[in-house]
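Chains, contacts and geometry: an overview
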Amino acid sequence: MTLSLSFFGEHGVLEEHRLHDRDMGTPPADRSRVGSAATVDVTIDGQRVTVEPGTSVMRAAAICGVDIPKLCATDSLDPFGSCRLCLVEIDGRKGTPASCTTPVAPGMSVTTQSPKLERLRRGVMELYISDHPLDCLTCAANGDCELQDMAGAVGLRDVRYGYAGDNHLGLQHDTSNPYFTFDSSKCIVCSRCVRACEQVQGTFALTIEGRGFGSRVAAGFNGNFFDSECVSCGACVQACPTATLTENTVIEMGQPRRTVLTTCAYCGVGCSFKAEMQGETVVRMTPHKNGGANEGHSCVKGRFAWGYASHPDRQLSPMIREKITDEWQTVSWEEAITYAATKLRDIQARHGQGAIGGITSSRCTNEEVFVVQKMIRTAFGNNNVDTCARVCHSPTGFGLSQAFGTSAGTQDFKSVEMADVILLIGANPTDAHPVFASRMKKRLRDGAQLIVVDPRRIDLVQSPHVKAAHFLQLRPGTNVAIVNALAHVIVAEDLVDHRFVQERCEPAEFAQWAAFVSQPENSPEQLEQFTGVPAAEVRAAARLYATAGNGAIYYGLGVTEHSQGSTMVMGMANLALATGNLGRDGVGVNPLRGQNNVQGSCDMGSFPHELPGYRHVSDSTTRATFEAFWGHSIQAEPGLRIPNMFDAAIDGHFKGLFVQGEDIAQSDPNTVHVMHALTSLELVIVQDLFINETAKVAHVFFPGTSFLEKDGTFTNAERRINRVRPAMRPRNGKQEWQVVAELSAALGAPMHYDDASQIMDEIAALTPTFAGVSFAKLDEVGSVQWPCNEAMPLGTPIMHEGRFVRGLGRFTPTPYVPTDEKSTRRFPLLLTTGRILSQYNVGAQTRRTANVQWHREDVLEIHPHDAEERGIHDGDEVTVASRVGTTTLHAFVSDRMAQGVVYTTFHYPVSGANVVTTEHSDWATNCPEYKVTAVQVSPGHSAATVEIDHPEHRLGALVRMANQIARQMTADPNLDAVAATATHLSKFWEHDMRADLARAIDGGTVTVDDTVVSAMQRLAVPA
Ligand code: SF4
Ligand code: SF4
Ligand code: SF4
Ligand code: FES
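Residues numbered from 1 in each chain as written. Chains lettered and ligands numbered in written order. Predicted model: local features only at pLDDT ≥ 70, side-chain atom pairs only at ≥ 80, totals over all residues. Heavy atoms only, no water.

Another point: the overall build of the protein chain. Across its full length, the protein chain holds 33 helices and 39 strands. For the protein chain, the residues scored as buried account for 63% of the 1023 residues in total. On the protein chain, roughly 36000 Å² of surface is accessible, and the fraction owed to carbon and sulfur atoms is 51%. (Helix = DSSP H or I, 4+ residues; strand = E, 2+ residues; numbered from the N terminus. Buried < 20%, exposed > 50% of the residue type's maximum accessible area, 1.4 Å probe, protein only. Areas by Shrake-Rupley, 256 points an atom, 1.4 Å probe, with all protein chains shown as cover.)

Right under this line is the structure:
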């Protein structure tokens, strides 16, 4: 176990990692603000030091090893100058200026210690201590209190004023927040908490209320943290130099004794944390200052919601059962693995090699994912591997790869600090990617402009000190219409960066695209009928994006989870290409990935058509490389995607499934269909922490490990590979990769790893973009962003500088095809889904923490007009019915949604949001269309009759996909995607769908575009 690690800190100096990080007092100078290239030489207590202009005297002193006493200053916040403890003497200047607020000047000579300064500092400390409880020995912060440290540092031995006068010692505690306590009696009113909330988090929940002696910190109007605007990020707790704001775990357990650097296992931001431990028990999680993704910040989930790892619901022993109606039997690891292997082989013997497959998890480490896909390709002997990324960001991988040649975002998070205009589409970062949202809000407060494209008025449209310049509140399902309208304006008004296009893009395809978007039907005026967004607003937004300087696009699942998800990703890439917003800081096309390791699970070869590094299985050279390394032949044909596996299971061709860390029964759309598929299988193996909804229909349960036990790496949304280090031993007795390796061995394909680092070595040996990655390098430099190889040994923060990975950037025409999921008289509202800050995905982790206090159930947001029309009041129970299912939720009447649109989250299995979502999916990747479902909402708990999973629905989905392909081909006959998609489509035909389709067409129950038949013929797909 690694307890002490080295990192490169400021100026590339190797730092020793400690329990307490060194505080330099003030942040590094912002060179862009001081506008000078020269450095400054100053002398501190006789030592010469060279620093950046704008550096504070305090920081300059810290750089040369002199720690000036301080209380209100800390290096994560702008200096404030209130405590007067950091006084210094400067040659030639009168008085004793505060070193935290005084910038260095050339030739300055500073004295930090003198009898006069010592006297002044003791006087300041004496005043603080005279109004402070004297309970140091029993205080939770004893040993971690800056006030205590400073009293010692200035040599305070006595307080002359006594403690009898007016004081604050009787002030009440605020224990409303489940994770931290506010003890106002210990507050020194240094304002660090208030400034952290403003500058770091950007929430502005705290103020200093009152004046002079009566000044005190207040959260909201009634001073209660829980009822205030506070989002419980913990930045104020971290900034507080006293025990005023303290984690409840520290109050209960005392100070931590050791620290392990690791990575948050929630969202795709990938925040680095210090797990601060007592033995094998976590005391607190503190965001790591040098974390590349978070730079010392966190959200409520990463900092506080880790209790699920030791929740009693965790299943720690392997279990098996013959039938899902049997009781589980707890067995040894050996017995469980042998049982699973025997069953898998038996299924293959009876139903063929392709009758089994597996799903990898975006919550697991790269190493864990890699071994699962390797087991499937070698031991299972097929390519039936897919990942939960299928249901979130598969269109990202596909669309960005078409345009730029890489299936990943183009920037690092830091790049947003250089953006002049941010185009935020279908993403709600303050809830889903909170730490990145804080960074984005800071840039917006500093002057960047914001365009929000979303059916729901998300917080960023208007929040403290942030206001979007344009809010395009489009109807769900019309993203592509909006992107085409924006493109139309850019081309029609000649806002194109012609030089960039000429130098960096395929010319013929640009011309084809420009002609396409110029058509009158793509004008904002024509498309307004679909989008509902006033044309003038679209025009203004397009002009702003194209002309404001650095234009950066950020997007989320509101882009990808649509029937045209891939089209939209290519549409956004077109915008960035046309305006030259690629290949430098402050620009780019950036997916905000949902889960912690979505990027990694895709990188690791989890898709049925791709080996690690996004190389197609049909490529014989790539296959030969893997075959030589693994000693097994690999099939050249892509395997089944998740929806194909489900369909094949129902059809009886697919019989066994290994599910790694993913609750597909809750997270995948059309729950009834998914459960039908799962219960049709002979063998479901689940590897997870809890008996989740999927495990309820499983036959083998392999207990998994929490992130606190894992050893490996996660790759975040900016391609940053972060180490995940074990803070404790695996509570189930084995690392997950070991279990998979043993199952693979039992199937006759042994893997030979002593530890997870050897798996990464294999990944590096086989994957050119990872060639320079190793645990040793990550331990040395902290993190790297792929590509990391000989050409870029420290990784690649910004992609496509000078040249796209595919050579020239590629424009693709993106015809808008309205989804078939339309509101009707029977289902007149459109339901869209999203996340909430305190919960995460299917809630398996966060529902087992105190985060439930913020969100105890999923609710249905409904516009006041729609509610009134139906006699629905706030808090009423309502039934939500779509053509595939019904569910019951409580109503939350809100005008965040436009009339005709309703919204819910999907964090609780009982809500069953996915009971109502349909089988529609992205034409290229099958990513489900979670974001558009036609529904009816009625008061009360209704027993409405609903058609469930009628075979025609599946057939309908197939036909819609065929139609989409045909239209895409008409727009761009050479699109690689069409061929790839058609290959997948052909798999449906293998499962007797061909006959069904033929019958349906003959019988006139479904219609097919005329072009589809010729498309099928050209692609040699049997039709
Ligand atoms: S926890 Fe975060 S949001 Fe809440 S008051 Fe503190 S800094 Fe502000
Ligand atoms: S709560 Fe802590 S950080 Fe905030 S003003 Fe008081 S002592 Fe300073
Ligand atoms: S922003 Fe994401 S990665 Fe960071 S602490 Fe929160 S959940 Fe974890
Ligand atoms: S640390 Fe400088 S005035 Fe408080």
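As a further point, take the sheet that holds strand E18 (residues 385-387). With mixed pairing, the seven strands of this open sheet are ordered in space as E16-E15-E30-E29-E28-E17-E18. Each having just a single partner strand, strand E16 (329-330) and E18 make up the two edges of the open sheet. Sheet contacts for helix H9 (residues 333-351): strand E15 (319-320), strand E17 (356-360), strand E28 (656-660), strand E29 (683-688) and strand E30 (700-703); angle to E30, the most-contacted strand, approximately 135°. (Pairing = 2+ DSSP bridges. Contact = heavy atoms within 4.5 Å. Axes fitted to C-alpha atoms, helices over the stretch in contact; angles between N-to-C directions.)

Here we take up the nonpolar core. Leu206, Phe225, Leu245, Met440, Leu450, Tyr554 and Leu708 are the most contacted members of the largest nonpolar core, which has 71 residues in total. Take this core: its biggest share by element is four residues, from helix H13 (residues 434-445). Once residues lying within four places of it in the same chain are set aside, the contact partners of Tyr554 are Ser415, Val416, Ile422, Leu423, Leu424, Ile425, Phe436, Met440, Asn590 and Leu592. The next biggest cluster of nonpolar side chains, apart from the first, holds 63 residues, and it includes Val385, Met604, Ile634 and Ile685. (Core = buried A, V, L, I, M, F, W, Y, C linked by side-chain atoms within 4.5 Å.)

Every one of the 14 residues lining ligand 2 counts as a neighbour, but Cys187, Cys190, Ser191, Cys193 and Cys240 are closest to it. In the shell around ligand 2, the residues fall into ten nonpolar, three polar and one charged. (Near = heavy atom within 4 Å. Nonpolar A, V, L, I, M, F, W, Y, C, P; charged D, E, K, R; others polar.)

The next thing to look at is the sheet that holds strand E12 (residues 258-263). Sheet strands associate in pairs through backbone hydrogen bonding, adopting either a parallel or an antiparallel arrangement. Sheet architecture is open: three strands sit in the order E12-E13-E14, paired in antiparallel fashion. Each having just a single partner strand, E12 and strand E14 (281-287) make up the two edges of the open sheet. Going across the sheet, the axis of each strand differs from the next one's by a mean of 30°, ignoring polarity. As paired strands, E12 and strand E13 (residues 272-278) are joined by six bridges and run antiparallel to one another. By the bridge assignment, Arg258 is partnered in E13 with Met277.

With that out of the way, let us pick up empty space enclosed by the protein. A complete count under the given rule lists nine cavities of 30 Å³ or more for this structure. Roughly 380 Å³ of volume is contained in the second largest cavity. If you go around the second largest cavity, you meet 29 residues; those closest to its centre are Gly426, Gly558, Thr833, Gly834 and Lys931. Sorting the residues of the lining of the second largest cavity by element identifies helix H12 (429-432), helix H19 (557-560) and strand E34 (829-834) as the ones contributing at least two each. It is E34 that provides the largest number of residues to the lining of the second largest cavity, a total of three residues. The residue inventory of the lining of the second largest cavity, partitioned by class, reads eleven nonpolar, twelve polar and six charged. (1 Å grid on protein atoms, 1.4 Å probe; cavity = no way out; pocket = protein on both sides within 12 Å on 5 of 7 lines; lining within 4 Å. Points joined across faces, edges and corners; volume = space filled by probe spheres on them.)

So, on to the site of ligand 1. All residues adjacent to ligand 1 are Cys197, Gln201, Leu206, Phe225, Cys230, Val231, Ser232, Cys233, Gly234, Ala235 and Cys236. Those elements giving two or more residues to the shell around ligand 1 turn out to be helix H5 (192-201) and helix H6 (235-239). Its residues assigned to classes, the shell around ligand 1 shows eight nonpolar, three polar and no charged.

With 15 residues, helix H10 (residues 366-380) extends 20 Å from end C-alpha to end C-alpha; this agrees with the ideal 21 Å at 1.5 Å per step. Taken across its 15 residues, H10 has 15 buried, putting it largely inside the fold. (Expected span 1.5 Å × (residues − 1).)

Let us look at the pairing of strand E10 (residues 216-219). Here four bridges tie strand E9 (residues 206-209) to E10, and the two strands are oriented antiparallel to one another. The residue of E10 that forms the bridge with Leu206 is Ala219. Adjacent in sequence and paired antiparallel, E9 and E10 are bridged by six residues, among which Gly210 carries a positive phi angle near 80°.

All right, on to the packing of aromatic side chains then. Taken as a whole and judged by the stated rule, the model has 22 aromatic pairs. Residues Phe626 and Trp630 carry aromatic rings whose centres are separated by 5.0 Å and whose planes lie at 70° to one another, so their mutual orientation is edge-to-face. With Phe626 and Trp630 both in helix H22 (residues 620-630) and four residues apart, this pair spans about one turn of that helix. Trp630 carries the same exposure label as Phe626, and that label is buried. Members of the aromatic cluster, connected to one another through ring pairs, are Tyr179, Phe180, Phe182, Phe225, Phe226, Phe304 and Trp854. (Phe/Tyr/Trp six-rings, centres within 6.5 Å; stacked < 30°, edge-to-face > 60°.)

A word on the confidence of the model for the protein chain. On average, the protein chain scores 87 in pLDDT, and the residues at 70 or more come to 88%. Taking the mean pLDDT of every element in the protein chain, the minimum, 35, falls on strand E2 (residues 14-16) and the maximum, 98, on strand E20 (residues 449-453). Scored below 50 in pLDDT, residues 973-994 shows 60 contacts in the model against residues more than four places distant or in partner chains. pLDDT under 50 marks residues 1004-1023. Its contacts with residues more than four places away, or in other chains, come to 36 contacts. (pLDDT = per-residue confidence, 0-100.)

Take the pairing of strand E39 (residues 933-939) next. Pairing between E34 and E39: three bridges, direction antiparallel. Bridge pairing in E39 places Leu831 opposite Thr933. Judged from the four bridges that link them, strand E36 (residues 877-881) and E39 form a sheet pairing that is antiparallel. Bridge pairing in E39 links Thr879 to Ser938.

The next subject is the pattern of salt bridges. This model, assessed by the stated rule, comprises 45 salt bridges. A salt bridge links Glu295 to Lys414; the nearest nitrogen and oxygen atoms lie 3.5 Å apart. With Glu295 in the loop between E14 and helix H8 (300-304) and Lys414 in the loop between helix H11 (394-404) and strand E19 (421-425), this pair connects stretches of sequence that are 119 residues apart. Overall, Glu295 belongs to the partly exposed group, its relative accessible area being 41%. Taking the shortest distance from any N to any O, the salt bridge between Asp459 and Arg896 comes out at 2.3 Å. Here the residue Asp459 occupies a position in the loop between E20 and strand E21 (462-463), and Arg896 occupies one in the loop between strand E37 (886-893) and strand E38 (901-905), the gap between them amounting to 437 residues. (Salt bridge = Lys/Arg side-chain N within 4 Å of Asp/Glu carboxyl O.)

For H22, the full list of buried residues reads Thr622, Arg623, Phe626 and Trp630. Buried residues in H22, looked at end-on, bunch into an arc of 95°, giving them a common side. For H22, the exposed residues set more than 90 degrees away from the buried face come down to Thr621 and Ala628. If you follow the buried residues of H22, they end up packed against H10, strand E26 (610-611), strand E27 (615-616) and helix H27 (756-766). (Arc of directions from axis to C-beta.)

Further remarks concern the packing of helix H3 (residues 115-129) against helix H4 (residues 146-153). Between H3 and H4, whose axes approach to 10 Å, the crossing angle comes to 140°. Comparing their axes, H4 and H3 come out oblique. Crossing of H3 against H4: the hand is left-handed. Where H3 abuts H4, its residues Met125, Tyr128 and Ile129 lie against Leu147, Met150 and Ala151. The class makeup of the residues in the contact of H3 with H4 is six nonpolar, no polar and no charged. (Parallel < 35°, antiparallel > 145°, perpendicular 65-115°, else oblique. Left-handed = near helix turned anticlockwise from the far one by under 90°.)

It is worth spelling out unusual backbone geometry at this point. At the junction of Trp786 and Pro787, the peptide bond is cis and its omega measures out at 0° in the coordinates. Assignment of secondary structure puts Pro787 in the loop between strand E33 (783-785) and E34. The phi dihedral of Ser191 falls on the positive side, at around 75°, and the residue is not glycine. With respect to the secondary-structure elements, Ser191 resides in the loop between strand E8 (180-183) and H5.

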